[in-house]
Amino acid sequence: MPSKSSGTHCLVITGASKGIGLATATRFANAGHRIVNLSRTATPVPGAIQISVDLAQPVELEAIAAPLLSAVDGADVVTLVHNAALMIPGSVRDISASQLRALFEINVVAPMSLNQMLLPQMRGGSAIIYIGSTLSHRATRNMTAYVTTKHALVGLMRSTCQDLAGTGVHTCCICPGFTETEMILSYGEQALKNLAGLSTQNRLSTPIEIADFVYFAAGQPVLNGAVLNADLGFIEP
Ligand SMILES: NC(=O)c1ccc[n+]([C@@H]2O[C@H](COP(=O)([O-])OP(=O)(O)OC[C@H]3O[C@@H](n4cnc5c(N)ncnc54)[C@H](OP(=O)(O)O)[C@@H]3O)[C@@H](O)[C@H]2O)c1
């Protein structure tokens, strides 16, 4: 696992202003990593370098290349965590092309662009961790755009694994189940109870559980190319 004593470690993460991203940035900060966060609102992690950007806007994304490279300068090992994502409900009957494009921009295209910006700085021991979803390998009703982009993210991760062979950079996709964050807390009490009932543990995951797993995976090159569920055991219907 990456440790304080083995050189300068830097976490670059998207969406650490709240939820799973915030828990992950906190976990890496506690282990002594330099933290660089990309989101629209600032992360509350003390000492973190904040790069404010709307990842859905290609022009904004291009403009952060220089500050991003400067933020990772001098790091021996970089962990890049693609965590930020947008979810828009809608079925295959009514999702609009523009909604699908918007989701692809933040959920898939932004990770690919950030990889291209940072790979020249990523030495052996570095890692690219994609935050997928259990909806990266199954589907549920009325989530067409989200399901499609989360499946695409697995394709990007597998291609990352193949294309970076020999570099010493490893990658995997961690797929959370229902996790206590703003993304789902607005569903209401009864819906959350129902979702909790879909796990064998009869509860939602906590952001820190996912964060601990991301931290673990970042230090495990053996997990290269893996799609890893972190869902407390989903009860099959
Ligand atoms: N919660 C769950 O049940 C669950 C289940 C499976 C997978 N996941 C996945 O876990 C990851 C984190 O989800 P979460 O539940 O922690 O979500 P969340 O609490 O809603 O946080 C989303 C993060 O993404 C950032 N973000 C959203 N749109 C952005 C944009 N246009 N530009 C820049 N940053 C943007 C937000 O930052 P700003 O608003 O400050 O920009 C925020 O920090 C996502 O990939 C999600 O798909 C979550």
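Our subject is the structure listed above.
Residues numbered from 1 in each chain as written. Predicted model: local features only at pLDDT ≥ 70, side-chain atom pairs only at ≥ 80, totals over all residues. Heavy atoms only, no water.

Colleague: Would you explain the packing of aromatic side chains in this entry?
Modeller: Aromatic ring pairs are described here by two measures, namely the spacing of the ring centres and the angle between the planes. Going through the model one piece at a time under the given rule, you end up with one aromatic pair. Relative to Tyr215, the ring of Phe28 lies with its centre 5.0 Å away and its plane at 80°, an arrangement referred to as edge-to-face. One end of the pair, Phe28, is in helix H1 (residues 19–30); the other, Tyr215, is in helix H8 (residues 207–218), with 187 residues separating them in the sequence. Sitting over the face of the ring of Tyr215, Arg27 holds its NZ or CZ atom 4.1 Å from the ring centroid. (Phe/Tyr/Trp six-rings, centres within 6.5 Å; stacked < 30°, edge-to-face > 60°. Helix = DSSP H or I, 4+ residues; strand = E, 2+ residues; numbered from the N terminus. Lys NZ or Arg CZ within 6 Å of the ring centre and 35° of its normal.)

Colleague: Before we go on, may I ask you to explain the site of the ligand in this structure?
Modeller: Around the ligand, a shell composed of 30 residues is seen, among which Ser17, Thr41, Asn83, Tyr146 and Thr181 lie nearest. Here an oxygen atom of the ligand sits 2.7 Å away from a polar atom, N or O, in the side chain of Arg40. Between Thr41 and the ligand, the recorded distance is 2.3 Å, taken from a side-chain N or O atom to an oxygen atom. Elements with a minimum of two residues in the shell around the ligand: H1, helix H5 (144–163) and helix H6 (182–185). (Near = heavy atom within 4 Å. Polar contact = N/O pair within 3.5 Å; in protein donor to acceptor, adjacent residues only side chain to side chain.)

Colleague: What is the right way to look at the pattern of salt bridges in this model?
Modeller: If the charged atoms of two oppositely charged side chains come close together, the side chains can form a pair. Within the structure shown, the criterion is met by four salt bridges. As a salt-bridge pair, Lys18 and Glu182 come within 3.1 Å of each other at their nearest N and O atoms. On the criterion of sequence distance, the pair formed by Lys18 in the loop between strand E1 (9–14) and H1 and Glu182 in helix H6 is long-range, its members being 164 residues apart. For Lys18, a relative accessible area of 44% puts it in the partly exposed group. Note that Arg203 and Glu209 form a salt bridge whose closest N and O atoms lie 2.8 Å from each other. We classify Arg203 as partly exposed; its relative accessible area is 33%. Judged by relative accessible area, Glu209 falls into the partly exposed class, the value being 30%. (Salt bridge = Lys/Arg side-chain N within 4 Å of Asp/Glu carboxyl O. Buried < 20%, exposed > 50% of the residue type's maximum accessible area, 1.4 Å probe, protein only.)

Colleague: Help me understand the sheet that holds strand E5 (residues 127–131), please; the structure alone is not making it clear to me.
Modeller: Hydrogen bonds along the backbone pair up the strands of a sheet, which may run parallel or antiparallel. If you trace the seven strands from one edge of the open sheet to the other, you get E3-E2-E1-E4-E5-E6-E7, paired in parallel fashion. Across the chains shown, the open sheet's two edge strands, defined by having one partner strand only, are strand E3 (49–52) and strand E7 (226–230). In this sheet, neighbouring strand axes are inclined to one another by 20° on average, regardless of whether the strands run parallel or antiparallel. Relative to E5, strand E4 (residues 77–82) runs parallel, the two sharing four bridges. (Pairing = 2+ DSSP bridges. Axes fitted to C-alpha atoms, helices over the stretch in contact; angles between N-to-C directions.)

Colleague: Is there a simple way to think about the environment of Thr181 in this case?
Modeller: Relative to the helices and strands, Thr181 resides in the loop between strand E6 (170–176) and H6. Taking the C-alpha atoms as reference points, Thr181 and Gly19, separated by 162 residues in sequence, lie 5.0 Å from one another. Sequence-distant contacts of Thr181, that is, excluding residues within four places in its chain, are made with Gly19, Ile20 and Pro207. (Contact = heavy atoms within 4.5 Å.)

Structural measurements only, silent on function.
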